[in-house]
Amino acid sequence: MKISWGQTFVILLSARLFALMTCTPVTSDKNPLTVYMIGALISTAIQAALVIPFLFLKNKFPDKSVTEIASLKGRFFSFIISIIYFVFFFSSAIISVTRFEKFVGGAFFEKSSMLIGTFILIASAVYGSYSGIQGIARTSGIIFALFCFYIILQPLSDLNSVNFLNLTFRADLYSGSILTAVMDDFSQSSQIILLAVLLPYLKNLNKGIAGYLIGKLVAVEIILFFAVTILGGYVSLVDYPFFSLAGFAVNSNFERLDAIYIFVWVLISFVNTSLLIFALSNIINSFFCESKSCQQHRKKKNIRGFLCKFRNSIAGLIILLGSVPVFMKFAVYEDILKAITGIIPMIVLILIIPGILLLIRGENNENKNNSCPANDNGSPQRL
Amino acid sequence: MKPDAGNYENIKISTSLSENIQNIKNILDGSCDLLFNEVIISGHKAAYLTCEAMVSTSLLPELVFHPLMNLNLGANSGPNKVIEAMNSTLIICTEKANENKYGNIIIRLLSGFIIFFVDGADQAVAIGAQGFEKRGIDEPSSEINLNGSHEGFVETIRVNMSLIRRKMKTPYLKFEMFKLGSKSKTDICLAYLRDRVSMKMINSIKKKLEKTDLETILSSGYIEPFLEGKRRGIFPNISTTERPDKICSKLIEGRAALIVDGTPFVIIIPYLFAENFQTIDDYSQKPYYVTFIRIVKYAAFLISMLLPGVYVGIANFHPELINSTLLINLAESENGVPFPLALEAIVVLIAYELIREAGLRLPKAVGGTVSIIGGFIIGDAAVQSGLISTPLLIAVAFAATAAFVIPNLYQPITIFRMLFVVAGGLGGLYAIALLFAVVIMNVCSMEDFGIPATAPISPLTLKSMSDIFTRAGFQKLQKRNILISNLNGADNEVEE
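Being a predicted model, the structure only gives us computed values, none of them experimental. (Residues numbered from 1 in each chain as written. Chains lettered and ligands numbered in written order. Predicted model: local features only at pLDDT ≥ 70, side-chain atom pairs only at ≥ 80, totals over all residues. Heavy atoms only, no water.)

### Quick look at the overall build of chain A
Let me state the cut-off plainly: Working definition: helices are DSSP H or I runs of at least four residues, strands are E runs of at least two. Numbering for both runs from the N terminus. Relative accessible area decides the class of each residue, using a 1.4 Å probe on protein chains only: under 20% of the type maximum gives buried, over 50% gives exposed, and in between gives partly exposed. When checking whether two residues touch, look at their non-hydrogen atoms; a contact exists if any pair is within 4.5 Å. Computed by Shrake-Rupley with a 1.4 Å probe, the accessible areas treat only the displayed protein chains as cover when residues are assessed.
Counting its secondary structure elements, chain A contains 17 helices and zero strands. In chain A, buried positions account for 59% of the 383 residues. Put simply, of all contacts in chain A between residues at least 6 apart along the chain, 82% involve residues at least 24 apart. Accessible surface, chain A: about 15700 Å² in total, of which carbon and sulfur atoms supply 66%.

### Describing the sheet that holds strand 9 (residues 256–260) of chain B
Residue and element names in this part refer to chain B. Selection criterion: Here a strand pair is declared whenever DSSP counts at least two bridges between the two strands. To obtain each axis, a line is fitted to C-alpha atoms, and for helices this fit is confined to the stretch in contact; angles are then taken between N-to-C directions over 0 to 180 degrees.
Strand order across the open sheet formed by five strands is 6-7-9-10-8, with antiparallel pairing between neighbours. In this open sheet, the two edge strands, each paired with only one partner strand, are strand 6 (173–180) and strand 8 (239–241). Direction aside, neighbouring strands of the sheet carry axes that sit 30° apart on average. Of the pairings in the sheet, the one linking strand 7 (residues 186–193) to strand 9 comprises five bridges and is antiparallel in character. Among the inter-strand pairings, Leu-190 is bridged to a residue of strand 9, identified as Leu-258. The sheet contacts of helix 5 (residues 157–167) involve strand 6, strand 7 and strand 9, and relative to strand 6 the element is tilted by about 165°.

### Details of the interface of chain A and chain B
We count it as follows: Buried area is understood as the total, over both parts, of accessible area removed when two parts are fitted together, assessed with a 1.4 Å probe. By definition here, a salt bridge exists when the distance from a side-chain nitrogen of Lys or Arg to a carboxyl oxygen of Asp or Glu is within 4 Å. A 3.5 Å cut-off defines polar contacts: any pair of N or O atoms within that distance qualifies, except that in protein one atom must be a possible hydrogen donor and the other a possible acceptor, and neighbouring residues in sequence count only when both atoms are side-chain atoms.
Contacts between the two partners involve 42 residues from chain A, matched on the other side by 34 residues from chain B. The junction of chain A with chain B conceals about 3100 Å² of combined surface from both sides, 69% of it contributed by carbon and sulfur atoms. Taken together, chain A and chain B are joined by one salt bridge. In this structure, Arg138(A) engages Glu447(B) in a salt bridge whose closest nitrogen and oxygen atoms are separated by 2.6 Å. There are six residue pairs in polar contact (both at pLDDT 80 or more) connecting chain A and chain B. Going through the elements one at a time, helix 5 (75–107), helix 6 (114–130), helix 7 (132–158) and helix 12 (258–288) of chain A are the ones with two or more residues in the side of chain A that touches chain B. Element by element, the count of residues in the side of chain A that touches chain B is highest for helix 7 of chain A, at 10 residues.

### A few points about the nonpolar core
Generally speaking, a soluble globular protein has its nonpolar side chains buried in company with each other. Operational definition: Here the nonpolar core consists of buried residues drawn from Ala, Val, Leu, Ile, Met, Phe, Trp, Tyr and Cys, with membership extended through side-chain atoms lying within 4.5 Å.
In this structure, Val66(A), Tyr85(A), Phe89(A), Phe100(A) and Phe235(B) are the most contacted members of the largest nonpolar core, which totals 171 residues. Broken down by element, this core gets its largest block of residues, 22 residues, from helix 14 (residues 410–445) of chain B. Apart from the residues within four sequence positions on either side, Val66(A) is in contact with Phe54(A), Leu57(A), Ile81(A), Tyr85(A), Ala196(A), Leu199(A), Ile353(A) and Leu357(A). Listed in part, the 22 residues of the second largest apolar core include Val39(B), Ile41(B), Ala46(B) and Leu90(B).

### Regarding a nonpolar patch on the surface
Here is the rule we go by: Any residue with relative accessible area above 30% and no salt bridge may belong to a patch, with like charges joined within 9 Å and the nonpolar Val, Leu, Ile, Met, Phe, Trp and Tyr side chains within 5 Å.
On the surface, Phe76(A), Phe79(A), Ile80(A), Ile83(A), Ile84(A) and Val87(A) cluster together into a nonpolar patch covering about 520 Å² of accessible area. Here Phe79(A) is to be found in helix 5.

### Here's the deal with helix 8 (residues 244–251) of chain B
The periodicity of an α-helix, 3.6 residues per turn, causes residues three or four positions apart to be oriented the same way. All names here are of chain B. Counting buried residues in helix 8 gives seven out of eight residues, a clear majority hidden from the surface. Regarding helix 8, the residues found buried are Pro-244, Asp-245, Lys-246, Ile-247, Cys-248, Lys-250 and Leu-251. Tucked inside the fold, the buried residues of helix 8 contact helix 5, strand 6, strand 7, strand 8, strand 9 and strand 10 (266–269).

### A word on the domain arrangement of chain B
All names here are of chain B. Note the following rule: The split into domains, and so the bounds of each, comes from an automatic or database assignment of domains.
Per the domain assignment, the segments of chain B are domain 1 (17–128), domain 2 (157–271) and domain 3 (287–448). Taking only C-alpha atoms, the centre of domain 2 and the centre of domain 3 are 35 Å apart. Contacts between the two partners involve 13 residues from domain 2, matched on the other side by 13 residues from domain 3. Linking domain 2 with domain 3 are zero salt bridges, by the criterion used here.

### Section: the sheet that holds strand 4 (residues 113–118) of chain B
Residues and elements named next belong to chain B. A sheet is described by the order of its strands in space; here five strands give the open sequence 1-2-4-5-3, paired in antiparallel fashion. Whereas interior strands pair on both sides, the edge strands pair on one side only; in this sheet they are strand 1 (34–41) and strand 3 (96–99). Neighbouring strand axes in the sheet, compared pairwise and without regard to direction, differ in orientation by 25° on average. Relative to strand 5 (residues 124–128), strand 3 runs antiparallel, the two being bridged by four bridges. Within strand 5, the position partnered with Lys-96 by the bridge is Ile-127. Against the sheet, helix 2 (residues 59–69) touches strand 1, strand 2 (44–51), strand 4 and strand 5, its axis set at about 10° to strand 4. Helix-sheet contacts for helix 4 (residues 102–110) involve strand 1, strand 2, strand 3, strand 4 and strand 5, and the interaxial angle to strand 4 is about 135°.

### Re empty space enclosed by the protein
Residue and element names in this part refer to chain A. Filter applied, for reference: Here a cavity denotes a set of grid points, spaced 1 Å apart and computed over the protein atoms alone, in which a 1.4 Å probe fits but from which it cannot get out, and a pocket denotes an open set meeting protein on both sides within 12 Å along at least five of seven lines; residues with an atom within 4 Å of a point are reported as lining. Grid points are joined across faces, edges and corners, and a volume is the space filled by probe spheres set on the points.
All told, the structure shown has three cavities of 30 Å³ or more when counted by the stated rule. Here the largest cavity is characterised by a volume of approximately 120 Å³. For the lining of the largest cavity, the secondary structure elements donating two or more residues are helix 7, helix 10 (205–231), helix 11 (241–248) and helix 12. Here the element with the most residues in the lining of the largest cavity is helix 7; it accounts for six residues.

### Some remarks on the environment of Asp119(B)
Residue and element names in this part refer to chain B. Its location among the elements puts Asp-119 in the loop between strand 4 and strand 5. Take Asp-119: its relative accessible area is 31%, and that puts it in the partly exposed class. Residues Asp-119 and Tyr-288, spaced 169 residues apart in sequence, show a C-alpha to C-alpha distance of 72 Å. The residues contacting Asp-119, other than those within four sequence positions of it, are Thr-15, Ser-16, Leu-17, Lys-45 and Pro-79. At 2.9 Å, the side chain of Asp-119 and the backbone nitrogen of Leu-17 are in polar contact.

### With respect to the pairing of strand 10 of chain B
All names here are of chain B. Residues Val-266 and Ile-268 point to one face of strand 10 and Ile-267 and Ile-269 to the other, with burial holding for every one of them. Pairing between strand 8 and strand 10: three bridges, direction antiparallel. Within the sheet, the bridge partner assigned to Ser-239 lies in strand 10 and is Ile-268. Examined bridge by bridge, strand 9 and strand 10 share three bridges and lie antiparallel to one another. Bridging across to strand 10, Ala-256 finds its partner in Ile-269. Linking two consecutive strands that pair antiparallel, namely strand 9 and strand 10, is a turn of five residues; a positive phi of about 100° is found at Gly-262 within it.

And the structure:
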């Protein structure tokens, strides 16, 4: 079962919005949030260009993920590619989960244990990932509708505070900051790499990607617009500017809207984490399942069967264990994770690897491939 | 081989009348409701067998006995000629069959047919003259409506089929009969419109029905689990109705209906989550009012499931969300209560369910008294004594009342209401949001025959949205021509 272009757009956009919510843009007098509005525009244009190899891959191998395409070129090559993507998604999942917990802890539950919060989030997301890409896509559709409702509600509550004088841009002063803003937006758009795993599940990818890039740009610009016009210079003083917007929103019946804000963002973080666990479980699937006995592995009571059957739970457990050093404030570990999910690895994963896969001629034909394509819920299919 | 209760189905009948009667007696172990009489038909020894109170005593003499007693085929006619005459010359009734195996004869006998054996003939004649007592067509108690039809299904499968056929006079409407249950041999009828339904779905339903290996099927609930998809959700994705008009409206959308003999509840396959918020009255009232009522129903669903939990969560973890006047009032009310808020809420919820269950099972007169004692006296006393707070009681009562707006979802709502209270007590809105996400995920992952339960909301089918949160006018609805098989998202085919 595949998902439509609309569902592709929604799941990618949900993941992008999650990144936006937990980010803390580095702002100053010379680097105001206005610059990020321009940075988002340029970054989106760059992403549109970089995503082209994925589109070609989809065209050439409509029902294969990047790791499955790599397996056509050789088992060792496939293993290396799978490891690279696995490490990226693993790091990305840890960063997003721990950032979110820090954000929730900082904003709401200062005395609560972040590790317990992480455990609950990951446990729920593991359940979500077992629902398969269809389940995740449908859920993100509904949650996205709630988000849209929130996006309308918040500006309406904030409308009196909008000050257009804050919306200034001086090219002579800020031109140097634009590159930082572009890089910042780009580094938050790593969800495009999920396409490497999601390719076989997507229908009408071109439309989905176009929708995502436009939707992402519009959503980011709207949120940035309100952050700039409402918060003004206050942005540089707060940790989470987009969250602080909710604190400004005053309604006659609710004192503040930030609790509703957290409600919507928890839902989005659930979708994002489920998606990352789904991606990791797919790669685990490609490690441990072989073509001859994909289905049998799951039934077999051996270690490989266990890994195949519970790969989503294993992926969740790996993320949970990987989060512990972050909560223990192991700075070097955190730096390594950030480096892995940085701009250069992202370019490698979006552009270089798909490019190589397009250029190299396969050693083996498709019938000899060792991969095991996964079905809707990530479970292997009989070839 | 002598047939008995364990082995008779494929054994052919004998040409000896006495042996056949003895064999039938053996199979039924001389059950006292088995009646037989020996008669002479056109000079041949014959016998008829019936089941007591299963045949019509008024129809038998006029339609069966009188023509048979006057039958005269001449002196040289053989026993098979009598059988032939019963089939061809005599128009006794529309439902007639020749049977030569005990299996079929027993099923027909126990279904209210009259069975004729003629000495020397190798076949028996089964004549449909059923006349057992049955409930009359009445308004369904569980689906009362204001402006629509007041007809409801009854327990007799043939009557239910006729109720559908009367409303759908199209040759495309097809009924297919099955017998399920190794002991009960219950009649099951699959109804669908040939030009609307996906035949893949129909074949898949048949396959699933074949897999049932139950001894008895006494209600539609026995076979529902066999028809559900691989991922079983907490919310129902197969529903039943007592209304023939509702079944017709579903058939026109390309769904199938499964009528089970002995129950007035007809199964609709597949069923969408959004349909829990629709009633047949929606289509006989003004669209603007229906839209308003639908929004009220969706709100009622959220209120009934979330309100006590959100109250506990906000009061415990997010008091900053509430405006100061309300917050002071709440704080004052909760001040004198000796228990933690979450525990207090759970106790009140359990007490409510206890009173409801007691009121439901007792006779109507006593049930009302229990509700009054439980609701007014105990509730009032508990608040007066300071054991529970008034705002919490209001929240629980409001949530409980809201649940009755969508009766189909009462069971999952009740359980989730408790879970949300626990989540609110442990983790405030954070835990509530996560549990809510899990609930959404559970509903979203449900699908039957490839049709997602959340369709047409997610995956979004704009064309069908005119009858989900709102209800468009019939001028617009008639142009939609929506088929259920088109609601499965990315043009995926209906699953087998």
